[in-house]
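Each chain, written out:
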Amino acid sequence: MEVLTWLENTWLGQFIQSDAFAHPILLCFHAVGMGIVVGLVLIFDLRTLGYPKGLPLRTFQSLVGLGWIGFAMNAASGVLMFVSEASTILFNWTFQLKLALIALGGLSLWIMGKITASLDPLDGEVRFPPAAKVWAVISALLWIGAIVAGRYIAYTLKPNISLDG
Amino acid sequence: MADLQTDILHLFRDNPVGDAVRDIPWAFSVSETLHFIGLSMLVGALLLVDLRILGVAKNVSYATVLKLVPVAILGFAINLISGFVLFTSDPFMYWPNPLFKLKMAVVVLAGLNALWFTFAEEKKLLALPEGAKVPTMIRTTAILSLTFWLLVILGGRLLPTFEAYGDVGFEPTPVAAPASAP
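Residues numbered from 1 in each chain as written. Chains lettered and ligands numbered in written order. Predicted model: local features only at pLDDT ≥ 70, side-chain atom pairs only at ≥ 80, totals over all residues. Heavy atoms only, no water.

Undergrad: I'd like to hear about the nonpolar core, residue by residue, with values.
TA: One finds Ile 43 and Leu 55 of chain A together with Leu 48, Ile 53, Leu 68, Leu 125 and Val 134 of chain B to be the most contacted residues of the largest nonpolar core, which totals 58 residues. Residue assignment for this core shows that the elements contributing at least two residues are helix H3 (22-48), helix H4 (57-61) and helix H8 (130-157) of chain A together with helix H3 (27-53), helix H4 (62-66), helix H5 (69-89), helix H7 (98-126) and helix H8 (136-158) of chain B. Ignoring any residue separated from it by four or fewer positions in sequence, one finds Leu 125 of chain B in contact with Ile 53, Tyr 62, Leu 66, Phe 117, Val 134 and Ile 138 of chain B. Among the nonpolar cores identified, the runner-up in size contains 17 residues, and Tyr 152 of chain A together with Leu 9, Phe 28 and Tyr 94 of chain B belong to it. (Core = buried A, V, L, I, M, F, W, Y, C linked by side-chain atoms within 4.5 Å. Buried < 20%, exposed > 50% of the residue type's maximum accessible area, 1.4 Å probe, protein only. Helix = DSSP H or I, 4+ residues; strand = E, 2+ residues; numbered from the N terminus. Contact = heavy atoms within 4.5 Å.)

Undergrad: Can you explain the packing of aromatic side chains? Please cite residues and give values.
TA: All names here are of chain B. Counting across every chain of the model gives 13 aromatic pairs over all chains. The interplanar angle of 80° and the centroid separation of 5.0 Å between the aromatic rings of Phe 12 and Phe 87 together place this pair among those described as edge-to-face. Placement of Phe 12 in helix H1 (residues 2-13) and of Phe 87 in helix H5 is noted, with a sequence separation of 75 residues between them. Since its relative accessible area comes to 31%, Phe 12 is described here as partly exposed. Judged by relative accessible area, which is 9%, Phe 87 ranks as buried. Taken together, the ring pairs in this structure connect Phe 12, Phe 84, Phe 87, Tyr 94, Trp 95 and Phe 100 into an aromatic cluster. The ring of Trp 95 carries the charged tip of Lys 101 above its face, separated from the ring centre by 5.1 Å. (Phe/Tyr/Trp six-rings, centres within 6.5 Å; stacked < 30°, edge-to-face > 60°. Lys NZ or Arg CZ within 6 Å of the ring centre and 35° of its normal.)

Undergrad: Outline the interface of chain B and chain A, supporting the account with residue identities and numerical values.
TA: Taken together, the contact pairs 41 residues of chain B with 39 residues of chain A. Counting the contacts that link chain B with chain A gives one salt bridge. Arg 151 of chain A is the salt-bridge partner of Glu 32 of chain B, the closest N and O atoms lying 2.6 Å from each other. Of all elements in the fold, only helix H2 (16-23), H3, H4, H5 and H8 of chain B reach the threshold of two or more residues within the side of chain B that touches chain A. Sorting elements by how many residues they give to the side of chain B that touches chain A places H3 of chain B first, with 16 residues. Here the residues of the side of chain B that touches chain A sort into 29 nonpolar, eight polar and four charged. (Salt bridge = Lys/Arg side-chain N within 4 Å of Asp/Glu carboxyl O. Nonpolar A, V, L, I, M, F, W, Y, C, P; charged D, E, K, R; others polar.)

Undergrad: Outline the environment of His 35 of chain B, supporting the account with residue identities and numerical values.
TA: All names here are of chain B. Tracing the backbone through its elements, the reader meets His 35 in helix H3. Distance in space between the C-alpha atoms of His 35 and Val 17 is 16 Å, their sequence separation being 18 residues. In this structure, His 35 is in contact with Asn 79, Ser 82, Gly 83, Leu 86 and Lys 103, ignoring residues within four places of it in sequence. In this structure the side chain of His 35 is engaged in a polar contact, spanning 2.9 Å, whose partner is the side chain of Ser 82. (Polar contact = N/O pair within 3.5 Å; in protein donor to acceptor, adjacent residues only side chain to side chain.)

Undergrad: Quick rundown of unusual backbone geometry? Include the residues and the values.
TA: Of the consecutive residues Tyr 51 of chain A and Pro 52 of chain A, the connecting peptide bond is found in the cis state with omega at -10°. Position of Pro 52 of chain A among the secondary structure elements: in the loop between H3 and H4. A positive phi angle, near 55°, is found at Ala 57 of chain B, a position not held by glycine. Within the fold, Ala 57 of chain B resides in the loop between H3 and H4.

Undergrad: So what about the pattern of salt bridges? Which residues, and what values?
TA: Residues and elements named next belong to chain B. Applying the stated criterion across every chain yields a total of four salt bridges over all chains. Of the charged contacts, one joins Arg 13 and Asp 14 as a salt bridge, the two residues approaching to 2.9 Å between their closest N and O atoms. A relative accessible area of 5% places Arg 13 in the buried class. A salt bridge links Asp 19 to Arg 22; its shortest N-O distance comes to 3.0 Å. Highlighted residues: Asp 19 and Arg 22, both in helix H2, separated by three residues, approximately one helical turn. Looking at Arg 22, the relative accessible area reads 7%, which means it is buried.

Undergrad: Quick rundown of empty space enclosed by the protein? Include the residues and the values.
TA: Unfilled space is identified by rolling a water-sized probe across the atoms. Enumeration over the complete set of coordinates arrives at one cavity of 30 Å³ or more. Taken as a whole, the largest cavity holds about 40 Å³ of empty space. Considering the residues around the largest cavity, the lining is formed by Thr 59 and Leu 63 of chain A together with Leu 47, Leu 48, Leu 51, Arg 52, Val 56, Ala 57 and Val 65 of chain B. With four residues, the top contributor of residues to the lining of the largest cavity is H3 of chain B. For the lining of the largest cavity, the residue count by class is seven nonpolar, one polar and one charged. (1 Å grid on protein atoms, 1.4 Å probe; cavity = no way out; pocket = protein on both sides within 12 Å on 5 of 7 lines; lining within 4 Å. Points joined across faces, edges and corners; volume = space filled by probe spheres on them.)

Undergrad: Can you tell me about the packing of H2 of chain B against H5 of chain B, naming the residues and giving the values?
TA: All names here are of chain B. Running from amino to carboxyl end, H2 crosses H5 at an angle of 80°, the nearest separation of the two axes being 8 Å. Classified by the angle their axes make, H2 and H5 are roughly perpendicular. Note on element contacts: H5 touches H2 through Phe 84, Val 85, Thr 88 and Ser 89, opposite Val 17, Gly 18, Val 21 and Arg 22. (Axes fitted to C-alpha atoms, helices over the stretch in contact; angles between N-to-C directions. Parallel < 35°, antiparallel > 145°, perpendicular 65-115°, else oblique.)

Undergrad: Explain the environment of Trp 116 of chain B to me, using residue names and the numbers behind them.
TA: Residue and element names in this part refer to chain B. Its location among the elements puts Trp 116 in helix H7. For the pair Trp 116 and Thr 141, spaced 25 residues apart in the sequence, the C-alpha separation amounts to 8.1 Å. In contact with Trp 116, other than residues within four places in its own chain, are Glu 121, Met 137 and Thr 141.

Have a look at this one:
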């Protein structure tokens, strides 16, 4: 996997590794983007499950753009952090699990979009079909799972750091 | 003064919660993870409430989005508890960190802003006729809410970068039971 070490040794990879603030700043973007993406997803899932009534689909449709901004923040900061530690992180199982959970989380949202496409987007009292509710639960679990996997990357990347520190 | 601070920090550290988070290997990482999940709940709910006040999704009533406030409070409660647990693991590391004090100060400001909105402005918001302009005061609370919580996230995420363990002359006595193996 020479390309991975090549990535690490590019000017960018070296800069992110060596600069005292590069990695912390990338983590800041990653945390804010996470709050936006997972936050909006969890509220959408909650609404699909029935709370709060009165909130129509259109509300979430108008927030999709913001969700993509959050996702783009995390994709960009994630790629930059990846570059700085490509050869170790690609083979880290928590990292692989996190990417898989994000992909499946995205898929679950796409499926929910398909299922709810025929519903009236302006009806605040809209009743979501059972399939949408099942996918709402799956979606919430997947996105929360991505947070869990992401947090544990920090613990598995540095085996010399104990779980409590 | 430093003595009083040391005494208080000992109280935070030397109690069953602190003992547990130091002794149980997964307790710290699980608290951290819960802190991230609570963060997401808080941010998601407040984005809908605050952005609605600032003009997004105008066809939704304020009463409807305000039903998401309990979700924000639940997220905050999760973070208050998980944050307390994290703090008890090593208060002598967190407290000397200037960014920790700043983060706590901004959490208090965000809380006061939320209380001000709830007790002084919420009734006025709900009484607004449909399509009426939202008073500047209420818009300000929404902007402050988003700003304060953004700063809280940044402060929290940057805590390890500004760690200042032992830089303030505190003399913690060793913990009774040593923390789990490094």
